[in-house]
Amino acid sequence: EIRGSIKEEQSWQMTYADMMTLLFAFFVLLFSISSIDPVKISQLKDGMGDKPDLKSFNTISEEFKDIIEELEIEDQAKVSRDPRGVTLEIDGDICFQSGSTRIHSTLQKVLNASAEKIFSQLGDPRLIIVEGHTDSDPMYNNPTYPTNWELSSARAANVVNYLIFKGVMSGRLTASGYADVWPAGATWTEVRSGEVDDNYISEKNSTLEQRTKNRRIKIIFGVK
């Protein structure tokens, strides 16, 4: 009886071993007749490729500050943050003359440096908004820019066109005109909440210095 039990156990093990051998042979056969498509493998690698390491907002802020220092315009430009990203705000006296859309040479230098050092990172999809702002002086007898809305929009558009000329990808750029409704110093929250009303605007345009600051360009980097 003991011998019979041993034979039955050995018989089961042999059957199991035969089955595993057959399975192994089957998978070897499948592998041997299969072929690897190098094109599909390449496409798979491209699809799984590492995304570029995008610069952090802190890095972007420091690079903007470096540009301001290099051009020695610390008193005429500032870097800050709002809910949309990093903002570079450039005072009006180095952006445009009153009623003009011609880009000042100093603003050109700021744009040149920004395009080269910040806006041209390959693979960076983040949006760049260019805002045009004006003072509250009305436009008189100007058929091209009958109001400050047209003027501010044209200024922003000119900056966008200049950045495209300098090699910045056009799909990342957008232009917005705010006329005189966002005076210098007003925050994003104040504008959105309605605190910036006609009285506020009038107060912020009461001096020549204030009106000059209001004729400015603001660039917001990092909007998704």
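Scroll up to find the structure.
**Student:** What is the right way to look at the pattern of salt bridges in this model?
**Tutor:** Here the idea is simple: oppositely charged side chains can pair when their charged atoms come close. According to the stated counting rule, one finds 11 salt bridges in the structure shown. The closest approach of N and O atoms between Arg126 and Asp124, which form a salt bridge, is 2.9 Å. One exposure class covers both Arg126 and Asp124, and it is buried. Asp124 is paired through a salt bridge with Arg172; the nearest N and O atoms lie 3.9 Å apart. Pair noted here: Asp124 is in the loop between helix H4 (105-117) and strand E3 (127-132) and Arg172 is in the loop between helix H5 (148-165) and strand E4 (173-177), with a separation of 48 residues, a long-range link. Taken individually, Asp124 and Arg172 each receive the classification buried, so the pair is uniform in this respect.

**Student:** Sorry if this is basic, but what is going on with the packing of helix H3 (residues 57-70) against H4 here?
**Tutor:** Between two packed helices, the angle of one axis relative to the other and the distance separating the axes together describe the packing. Orientation of H3 relative to H4, taken along the N-to-C sense of each, is 145 degrees, at an axis distance of 10 Å. Every pair of crossing elements has a handedness; the one defined by H3 and H4 is right-handed. For the pair H3 and H4, contact is made by Glu63, Phe64, Ile67 and Glu70 and by Val110, Ala113, Ser114 and Lys117, respectively. Looking at side-chain class alone, the contact of H3 with H4 contains four nonpolar, one polar and three charged residues.

**Student:** Quick question: what am I supposed to make of H3 here?
**Tutor:** Because each turn of an α-helix spans 3.6 residues, side chains separated by three or four positions end up pointing in the same direction. Along its 14 residues, H3 runs 20 Å from first to last C-alpha, staying within 8% of the 20 Å computed at 1.5 Å per residue. The set of residues buried in H3 consists of Ile60, Ser61, Glu63, Phe64, Ile67 and Ile68. Summarising the axial view, the buried residues of H3 lie within an arc of 165 degrees, below the 170-degree limit, and thus occupy one face. Counted as exposed and oriented over 90 degrees from the buried face of H3: Asn58 and Glu70. Against the buried residues of H3 lie strand E1 (77-82), strand E2 (85-90), H4 and strand E5 (217-223).

Conventions adopted
- Residues numbered from 1 in each chain as written.
- Predicted model: local features only at pLDDT ≥ 70, side-chain atom pairs only at ≥ 80, totals over all residues.
- Heavy atoms only, no water.
- Salt bridge = Lys/Arg side-chain N within 4 Å of Asp/Glu carboxyl O.
- Buried < 20%, exposed > 50% of the residue type's maximum accessible area, 1.4 Å probe, protein only.
- Helix = DSSP H or I, 4+ residues; strand = E, 2+ residues; numbered from the N terminus.
- Axes fitted to C-alpha atoms, helices over the stretch in contact; angles between N-to-C directions.
- Left-handed = near helix turned anticlockwise from the far one by under 90°.
- Contact = heavy atoms within 4.5 Å.
- Nonpolar A, V, L, I, M, F, W, Y, C, P; charged D, E, K, R; others polar.
- Expected span 1.5 Å × (residues − 1).
- Arc of directions from axis to C-beta.

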